[in-house]
Amino acid sequence: MKKAERAELVRERLAELYPDPPIPLNHSNPFTLLVAVLLSAQCTDERVNQVTPKLFLLARSAKKMCEVPVEVILEIIRPCGLSPQKSKAIAGLSRILVDEHDGKVPADFEALERLPGVGHKTASVVMAQAFGVPAFPVDTHIHRLAQRWGLTSGKNVKQTEADLKKLFPESCWNDLHLQIIFYGREHCSARGCDGTKCELCRACYPNRKKPPTIKKA
Ligand code: SF4
């Protein structure tokens, strides 16, 4: 099977399984989404969703967040891990949004990636989920699955993102990102899997006998 055929198979099956994938992080506007995505680094979405109601009760906008002492932010977000760095980033980006962007989250990759604590993946999630701009945020899980399905041989998330963007139409990037995440959570958490256990791998590689080699991100 050619790579383009595997991509079409994956796209069709994931669309059947997850026709309308929800955004996993609770939020009410671009600012609260940005903060939630930042908090989700090395933390589960479930844990972030437990923590954010308390934080967003104090501040749902950059302007309000500037009034919350960084120590208070730190204490609330502690369960998410990396709380010293994350609390400083939330306070710092809120100040920049107020000073340079009229308190609003900019719908602009470069401006987002200049904010503290915001890398390309976080910016991509915000662009896709807050502003509906086609993006393909690739984390280590998507990187791994894309390799197992033979959609990339990328050595890192940047290459994998470029390969996936070439393979799939722009119109499905935002949903596909979420669909792959949901599939990975439900079916592909087993690191030691030999790549023959579930239907998508079997459909992509019916003759696979040994585990695929996975390049770490
Ligand atoms: S067969 Fe294994 S590697 Fe492939 S999607 Fe299923 S769990 Fe993941």
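Residues numbered from 1 in each chain as written. Predicted model: local features only at pLDDT ≥ 70, side-chain atom pairs only at ≥ 80, totals over all residues.

Chemist: Provide a residue-level description of the environment of Thr 32, including the pertinent values.
Modeler: You can see Thr 32 is positioned in helix α2 (residues 30-39). Thr 32 sits 26 residues away from Leu 58 along the chain, and the two C-alpha atoms are 12 Å apart. Contacts of Thr 32, omitting those with residues within four sequence positions, involve His 27, Phe 56 and Arg 60. (Helix = DSSP H or I, 4+ residues; strand = E, 2+ residues; numbered from the N terminus. Contact = placed C-beta atoms within 7 Å.)

Chemist: Provide a residue-level description of the nonpolar core, including the pertinent values.
Modeler: Burial of nonpolar side chains together is a common tendency in soluble globular proteins. With 52 residues, the main nonpolar core has Leu 34, Ile 90, Val 126 and Trp 149 as its most contacted residues. Broken down by element, the residue count for this core peaks at eight residues, all from α2. Two domains each provide a minimum of three residues to this core, namely domain 1 (3-20 + 137-204) and domain 2 (30-131). Setting aside residues no more than four positions away along its own chain, Leu 34 makes contact with Val 105 and Val 126. (Core = buried A, V, L, I, M, F, W, Y, C linked by C-beta atoms within 7 Å. Buried ≥ 20, exposed ≤ 12 C-beta atoms within 10 Å, placed from the backbone. Domains from an automatic or database assignment.)

Chemist: Describe the site of the ligand, listing the residues and the values that go with them.
Modeler: In the neighbourhood of the ligand, 11 residues make up the surrounding shell, with Cys 188, Cys 193, Lys 197, Cys 198 and Cys 201 lying closest. Tallied by class, the residues present in the shell around the ligand amount to six nonpolar, three polar and two charged. (Near = placed C-beta within 6 Å. Nonpolar A, V, L, I, M, F, W, Y, C, P; charged D, E, K, R; others polar.)

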